Amino acid sequence: MKNRIKKTASLLTASILMMFVVLISTTSNAQSKEPIKLGFIPLTDCSPIVMAKELGLFKKYGVEVIVTKESSWANVRDKILTGELDGAHCLYTMPFSVYTGVGGKAGSEMKIAMMLSENGQAITLSNDFCGKVGFKQMNKVAPVVAAKLKAEKEVTFAMTFPGGTHDLWLRNWMAIAGINQKSVKIITIPPPQMVANMKVGNMDGFSVGEPWNGVAVKQGIGFTQIASQDIWKDHPEKALVVNKEFSEKRREDLKKVMKAIMEACIWLDNPSNRKKAAAIIGRAPYVNAPADVIENRLMGNYDLGCNQGTQIYSNDYMLFYKGGTVNFPRKSYAIWAMAQYVRFGYLKEAPNYKAIADKLILQDLYEEVAKSMKIKIPTDDMKPFSLTMDKTVFDPSNPAAYLKVVKR
């Protein structure tokens, strides 16, 4: 009798375990079929995500992706951290800004899966500077700012997120020009709101991505004083940043998303495709800006405004692929960004640069995807480099040495 009871109990236990396994499997399969949500900010460099959707590349790789327009970088940050978004087109420096407490709750993890673009941002100055400061005339900026401070008591510049790329280009620009950043007011404005804010006099200049610099010129309210690629040719800019849990639990789906986006990056770097891309991303659901402005700056044709004519960028305009050199997420660039936080006073002490870069950059994942697509993986990571205008050598293995000599 006891043996029969034991046997029955064992069978019952096995049945329950089997049901549990089936339930887990069913839940897992259902989860893998949930649509993937990717956000973007209305900027020209959201093109890889938008075009992957428009060209049917997500479907090609077997994933259902919902693409959503977001209102600000802070909104993108919050939605990625809570999982409301699985990932987004994002400032490449944002995960480091957030993790170090510069632009969010310290210790919050956002992961970089791959890079999306380089170049293609700019510093726009209001018409008050027109005729006083010309394109790339860095030696004339500080005297005009000083005169304006004396006359008006305040000069205001805008960027898009504390510790974000636009913030760093603005602060590097000021350092190169010899402007004391503490003498001016720096505010945060979402990219699509820059032009409207300058129009009503809320700022004297701004640092943002295209097409908003080009739109300011078209509307006659400002001019391009310098492009970000003039400050640092082929600088890293936007990244595919993802939710930590999503990167761990849906790794295979993330790889499919990355393949689709990579293919879109390759497509975008073909100049013959850029006119089509400009027309699509210019639509209201996406960037909602004139297609001709988007197209011209995508092609490297910059109407500078303020009767300065046109600047042609032939090999250093906005790029998305460049044989794979754009898309590799370098830890050295992460360390450079965090060194800027120390340089400009966001952080009082140096963070653990390498440990943070290792934690937040999914370099192994990227290498898997690149190898499967036969894309060459760059070998320049962690090598010393200099910016185009600021020749100070940055050695990612020794940020402290750089911080001792770089302009602040």
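Quick note: structure is the one above.
Notes on the structure follow. Since this is a predicted model, take the numbers as computed values, not measurements.

1. Section: the pattern of salt bridges
Oppositely charged side chains can pair when the atoms bearing their charge come close.
Phase 1: Under the counting rule described, the total for this entry stands at 29 salt bridges.
Phase 2: Between K148 and E152 there is a salt bridge, and its shortest N-O distance comes to 3.1 Å. On the criterion of helical spacing, the pair formed by K148 and E152 is a turn pair, its members being four residues apart in helix α6 (residues 141–152).
Phase 3: Its relative accessible area of 8% is what places K148 among the buried residues.
Phase 4: As a salt-bridge pair, D204 and K148 come within 3.5 Å of each other at their nearest N and O atoms. Separated by 56 residues along the polypeptide, D204 in the loop between α8 (194–199) and β8 (205–209) and K148 in helix α6 bring together distant segments of the chain. Accessibility assignment for this pair places D204 and K148 in one class, buried.
Phase 5: Overlapping salt bridges bring together E109, K111, K244 and K359 as one network.

2. Quick notes on the sheet that holds strand β10 (residues 238–243)
Phase 1: Read across the open sheet, the five strands follow the order β2-β1-β3-β10-β4; overall the sheet is mixed. Strands with a single pairing partner mark the edges of an open sheet, and in this sheet they are β2 (65–69) and β4 (110–115). On average, each strand axis in the sheet is tilted by 35 degrees relative to the strand beside it, whichever way the strands run.
Phase 2: As paired elements, strand β1 (residues 36–40) and strand β3 (residues 87–91) share two bridges and run parallel to each other. Within β3, the residue paired with G39 across the bridge is A88.
Phase 3: On the sheet, helix α2 (residues 47–54) packs against β1, β2, β3 and β10 and is oriented at approximately 135 degrees with respect to β2.

3. Details of the state of the cysteines
Phase 1: According to the stated counting rule, one finds one disulfide in the structure shown.
Phase 2: The disulfide that involves C130 links it to C306, with 1.9 Å between the sulfurs. Its S-S torsion of approximately 100 degrees makes the covalent link between C130 and C306 right-handed. In this pair, C130 is assigned in the loop between β5 (121–126) and α6 and C306 in the loop between β11 (301–303) and β12 (310–312), connecting sequence segments 176 residues apart.
Phase 3: A residue is classified by how much of its surface remains accessible, and C130, at 31% relative accessible area, is partly exposed.
Phase 4: The thiol of C46 is unpaired, and the distance to the nearest cysteine sulfur, on C265, comes to 12 Å.
Phase 5: With no disulfide of its own, C90 lies closest to C46 among cysteine sulfurs, the gap being 13 Å.
Phase 6: A residue is classified by how much of its surface remains accessible, and C90, at 0% relative accessible area, is buried.

4. A short note on empty space enclosed by the protein
Phase 1: Going through the model one piece at a time under the given rule, you end up with two cavities of 30 Å³ or more.
Phase 2: In this structure, the largest cavity occupies an estimated 50 Å³ of space.
Phase 3: Forming the walls of the largest cavity are T44, G120, E210, P211, V293, I294, R297, L298, Y302 and M318.
Phase 4: The biggest single contributor to the lining of the largest cavity is helix α14 (residues 291–298), with four residues.
Phase 5: A class-by-class count of the residues in the lining of the largest cavity yields six nonpolar, two polar and two charged.
Phase 6: Put simply, the second largest cavity is a space of about 40 Å³.
Phase 7: Taken together, Y92, F96, I112, M115, P236, P329, R330, Y333, A334 and I361 make up the lining of the second largest cavity.

5. So, the sheet that holds strand β9 (residues 222–227)
Phase 1: The strand order across the open sheet formed by five strands is β7-β6-β8-β5-β9, and the pairing between neighbours is mixed. At either margin of the open sheet sits one strand with a lone partner, and together these are β7 (185–188) and β9. The average undirected angle you get between the axes of adjacent strands in this sheet is 25 degrees.
Phase 2: By the bridge criterion, five bridges tie β5 to β8 in an arrangement that is antiparallel. Paired with Q121 across the strands is G209, a residue of β8.
Phase 3: Set on the sheet, helix α7 (residues 165–177) makes contact with β5, β6 (156–159), β7, β8 and β9; between it and β6 the angle comes to about 145 degrees.

6. Topic: the packing of aromatic side chains
Phase 1: Following the criterion strictly, the structure yields 13 aromatic pairs and no others.
Phase 2: Between W169 and W232 the ring centres are 6.0 Å apart and the planes differ by 85 degrees, which places this aromatic pair in the edge-to-face class. Taken together, the residues W169 in helix α7 and W232 in the loop between α10 (228–231) and β10 connect sequence positions 63 residues apart. The residues W169 and W232 share a single accessibility class, namely buried.
Phase 3: Seen from their ring centres, F328 and Y366 are 5.8 Å apart, and the 55 degrees between their planes marks the pair as tilted. Of this pair, F328 sits in the loop between β12 and α15 (331–343) while Y366 sits in helix α17 (residues 363–372), placing them 38 residues apart in sequence. Grouping residues by exposure puts F328 and Y366 together as buried.
Phase 4: Among the aromatic residues, ring-to-ring pairing joins W169, W232, Y333, W336, F385, F394 and Y402 into one connected group.
Phase 5: Positioned above the aromatic ring of Y317, the side-chain terminus of R274 is 5.0 Å from the ring centre.

Reading the values: rules and limits
Residues numbered from 1 in each chain as written. Predicted model: local features only at pLDDT ≥ 70, side-chain atom pairs only at ≥ 80, totals over all residues. Heavy atoms only, no water. Salt bridge = Lys/Arg side-chain N within 4 Å of Asp/Glu carboxyl O. Helix = DSSP H or I, 4+ residues; strand = E, 2+ residues; numbered from the N terminus. Buried < 20%, exposed > 50% of the residue type's maximum accessible area, 1.4 Å probe, protein only. Pairing = 2+ DSSP bridges. Axes fitted to C-alpha atoms, helices over the stretch in contact; angles between N-to-C directions. Contact = heavy atoms within 4.5 Å. Disulfide = S-S within 2.5 Å. 1 Å grid on protein atoms, 1.4 Å probe; cavity = no way out; pocket = protein on both sides within 12 Å on 5 of 7 lines; lining within 4 Å. Points joined across faces, edges and corners; volume = space filled by probe spheres on them. Nonpolar A, V, L, I, M, F, W, Y, C, P; charged D, E, K, R; others polar. Phe/Tyr/Trp six-rings, centres within 6.5 Å; stacked < 30°, edge-to-face > 60°. Lys NZ or Arg CZ within 6 Å of the ring centre and 35° of its normal.

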